[in-house]
Amino acid sequence: MLRTRLLTAAILIPIVVYCIYLGGPLFLALVVLLLTLAEIEFCRLVARRGFRPALAFGLGMVWLFLLDAQLDVQFSTLRLLQPGMALILLGSLAWQLFRRQGSPVADWALTVTGGLYLGLCGACLIGLRGLHDGLWWTLTVVPSIMLADTGAYFVGRAWGRHKLSPTLSPGKTWEGYVAGVIIGGLMTALLASLWHSGAGAGTAISGVHGLILGVLIAVFAPLGDLAVSMIKRQAGVKDSSSIIPGHGGALDRVDSILWAAVIGYYYVWVLML
């Protein structure tokens, strides 16, 4: 299992870094692909409990948020979000009115919730890359949660004794969580210091901001993982899918990254005010 995880990571990480480096349409395409798969997985998970969210409207909402974020980066004045949201909200509700099968109110709520959660958080990832020095900030934020998760995983396996959330994620421990916060903060500070030298003079990114971001992300982003674990627990499955060997599904991979993106985007946004 660990060997498969490492092999998959060795293949995917260079692809992700390359897409982040180039930014623009390629990075947008990567985020769209991952969140499209995540939305499909979300709908399939809740379908196991008898619910039937409208996948087309959920995907439409995800794509709307991502496209609006990309247009905001490129043009700033062309906004699609408000009219698009009105169309999707009213259209998805009308669909349930005419369909009226199963639990239409819950199905409509799940349609909106899934698209809103993935789309809004994903838009922060697009927005982060589009900020001034967005390349360096994105290459700080995304690896940050991975570094924290890696530290938490190995320390938790070796010395973990006290369960963090026994009912949602039995493998996580408080020892691993604390180690993830410490390792994530220190390694992100080191990474940001490295990027500071690469970005050159005039950049706001620094080891201090890396440390703050690393700690914030390591403290709060695991809640994204636990949130998806809660959904999977109710669906009675271990992974959202098996599309990524050794890592489960797209939703499993982006759960904490989305929280990191929100934290990172608004941290930098406030910093730039």
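The structure this text deals with has already been given above.
The structure contained in this document is the topic of the report that follows. Note that the structure is a prediction, hence the values are computed from the model and not measured.

**Let's talk about a nonpolar patch on the surface**
Part 1: On the surface, a nonpolar cluster with roughly 660 Å² of combined accessible area is contributed by Val178, Ile182, Ile183, Leu186, Met187, Leu190, Leu211 and Val215.
Part 2: Taken together, the elements giving at least two residues each to the nonpolar patch come down to helix H7 (174-199) and helix H8 (207-220).
Part 3: The dominant element in the nonpolar patch, judged by the number of residues it contributes, is H7, at six residues.
Part 4: One can find Val215 in helix H8.
Part 5: The exposure class assigned to Val215 is partly exposed, which follows from its relative accessible area of 32%.

**So, helix H10 (residues 250-271)**
Part 1: Taking 1.5 Å as the rise per residue, H10 with 22 residues should run 32 Å; its terminal C-alpha atoms sit 31 Å apart, in good agreement.
Part 2: Taken as a whole, H10 carries its principal kink of about 30° at Ser256.

**Comments concerning the environment of Gln101**
Part 1: The topology assignment puts Gln101 in the loop between helix H4 (81-99) and helix H5 (104-130).
Part 2: Accessibility expressed as a relative area gives 47% for Gln101, which makes it partly exposed.
Part 3: Remark: the alpha-carbon pair of Gln101 and Phe51, spanning 50 residues in sequence, is separated by 9.7 Å.

**Regarding the nonpolar core**
Soluble, globular proteins show a tendency: their nonpolar side chains are buried together.
Part 1: Residues Leu35 and Ile217 are the most contacted members of the largest nonpolar core, which totals 55 residues.
Part 2: For this core, the element with the highest residue contribution is H10, accounting for 11 residues.
Part 3: Contact partners of Ile217, with chain neighbours within four places excluded, come to Val141, Ser144, Ile145, Pro222, Ala260 and Ile263.
Part 4: Judged by nonpolar contacts, the second largest core, of five residues, contains Leu164, Tyr177, Val181 and Ala218.

**Notes on the environment of Leu125**
Part 1: As for its position among the elements, Leu125 is in helix H5.
Part 2: The exposure class assigned to Leu125 is buried, which follows from its relative accessible area of 10%.
Part 3: Not counting residues up to four positions away in its chain, the partners in contact with Leu125 are Phe27, Val31, Val142 and Ala261.

Calculation notes
All chains use their own residue numbering, which begins from 1 and follows the written sequence. Per-residue local features of the predicted model are confined to residues with pLDDT of at least 70, and side-chain atom pairs are confined, for both listing and counting, to 80 or more; whole-chain, interface and lining totals are unaffected and use all residues. Side-chain figures throughout are based on the complete set of non-hydrogen atoms in the structure, without hydrogens or water. For patch building, the residue pool is restricted to those with more than 30% relative accessible area and no salt bridge; the joining distance is 9 Å between like charges and 5 Å between nonpolar side chains (Val, Leu, Ile, Met, Phe, Trp, Tyr). Surface accessibility in these figures is a Shrake-Rupley result with a 1.4 Å probe; residues are shielded only by whichever protein chains are displayed. We count a salt bridge whenever a side-chain nitrogen from Lys or Arg sits within 4 Å of a carboxyl oxygen from Asp or Glu. Going along the chain from the N terminus, every DSSP run of H or I of four or more residues is numbered as a helix, and every run of E of two or more is numbered as a strand. Whether a residue is buried, partly exposed or exposed follows from its accessible area with a 1.4 Å probe, protein chains only, as a fraction of its type maximum: under 20%, in between, or over 50%, in that order. What a helix should span is 1.5 Å times the count of its residues minus one. At every residue, the bend is computed as the angle between two fitted axes, covering the seven residues ending there and the seven beginning there respectively. For the purposes of this section, nonpolar cores are sets of buried Ala, Val, Leu, Ile, Met, Phe, Trp, Tyr and Cys residues that join through side-chain atoms within 4.5 Å. Two residues qualify as a contact provided that any one of their heavy atoms is within 4.5 Å of a heavy atom in the partner residue.

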